[in-house]
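One-letter residues, chain by chain:
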Amino acid sequence: MVASLKNHPFAVKAFFTNSTVLTFAIPKEELAHRIPKHLQLDTFKDKWAFVAVAMVQTKDLRPKGLPKFMGNNFFFNWL
C-alpha cells in the first residue's frame, strides 16, 4: 500500500488557480494512535508531529494528453 501512495497510476495535467496549505504542529502523542501502522509521523525534536490541510482550486484537470474541454474545474480539500 505504501508504494501506491508515491505514484499516481497515470499522468495528470491541471492549472492551480488558487492553493492554500495550513500546517499545524501537534504533540506527537495526540496523533500517534490516529494514523495507520504502516505510516510514520514527521516529527520535530521527537515531540511535535505535523498535520497539513491543503485546499486547491484547479482548472482543466484531466489525464495528460486529453484536450482541455474534457477537463474538470473544482475546489478540493485534502487533509
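Now for a quick tour of the structure. Keep in mind the model is a prediction, meaning the values are calculated, not measured. (Residues numbered from 1 in each chain as written. Predicted model: local features only at pLDDT ≥ 70, side-chain atom pairs only at ≥ 80, totals over all residues. Heavy atoms only, no water.)

1. What about the environment of glutamate 29?
Put simply, the rule is: Numbering of helices and strands runs from the N terminus, with a helix taken as a DSSP run of H or I at least four residues long and a strand as a DSSP run of E at least two residues long. Relative accessible area decides the class of each residue, using a 1.4 Å probe on protein chains only: under 20% of the type maximum gives buried, over 50% gives exposed, and in between gives partly exposed.
You can see glutamate 29 is positioned in helix α2 (residues 28-31). For glutamate 29, a relative accessible area of 58% corresponds to the exposed category. In this structure, the C-alpha to C-alpha distance between glutamate 29 and tryptophan 48, residues 19 residues apart in sequence, is 8.5 Å.

2. Concerning the pattern of salt bridges
So the rule is basically this: Whenever Lys or Arg places a side-chain nitrogen within 4 Å of a carboxyl oxygen from Asp or Glu, that contact is recorded as a salt bridge.
All chains considered together, the criterion is met by one salt bridge. Across the pair lysine 28 and aspartate 46 runs a salt bridge, and its minimum N-O distance is 2.7 Å. Here the residue lysine 28 occupies a position in helix α2, and aspartate 46 occupies one in the loop between β2 (43-44) and β3 (48-63), the gap between them amounting to 18 residues. Its relative accessible area of 24% is what places lysine 28 among the partly exposed residues.

3. Re unusual backbone geometry
Of note, lysine 45 is a non-glycine position whose phi angle comes to about 55 degrees, a positive value. Residue position: lysine 45 is located in the loop between β2 and β3. Although it is not a glycine, aspartate 60 adopts a positive phi angle of roughly 60 degrees. Along the polypeptide, aspartate 60 turns up in strand β3.

4. Regarding the pairing of β3
Definition in use: Paired strands, as defined in this entry, are two strands with at least two bridges between them according to DSSP.
Relative to β3, strand β1 (residues 12-27) runs antiparallel, the two sharing 14 bridges. Within the sheet, the bridge partner assigned to valine 21 lies in β3 and is alanine 54. As judged from the two bridges shared by β2 and β3, these two strands associate in the antiparallel manner. Counterpart to phenylalanine 44 in the pairing with β3 is tryptophan 48.

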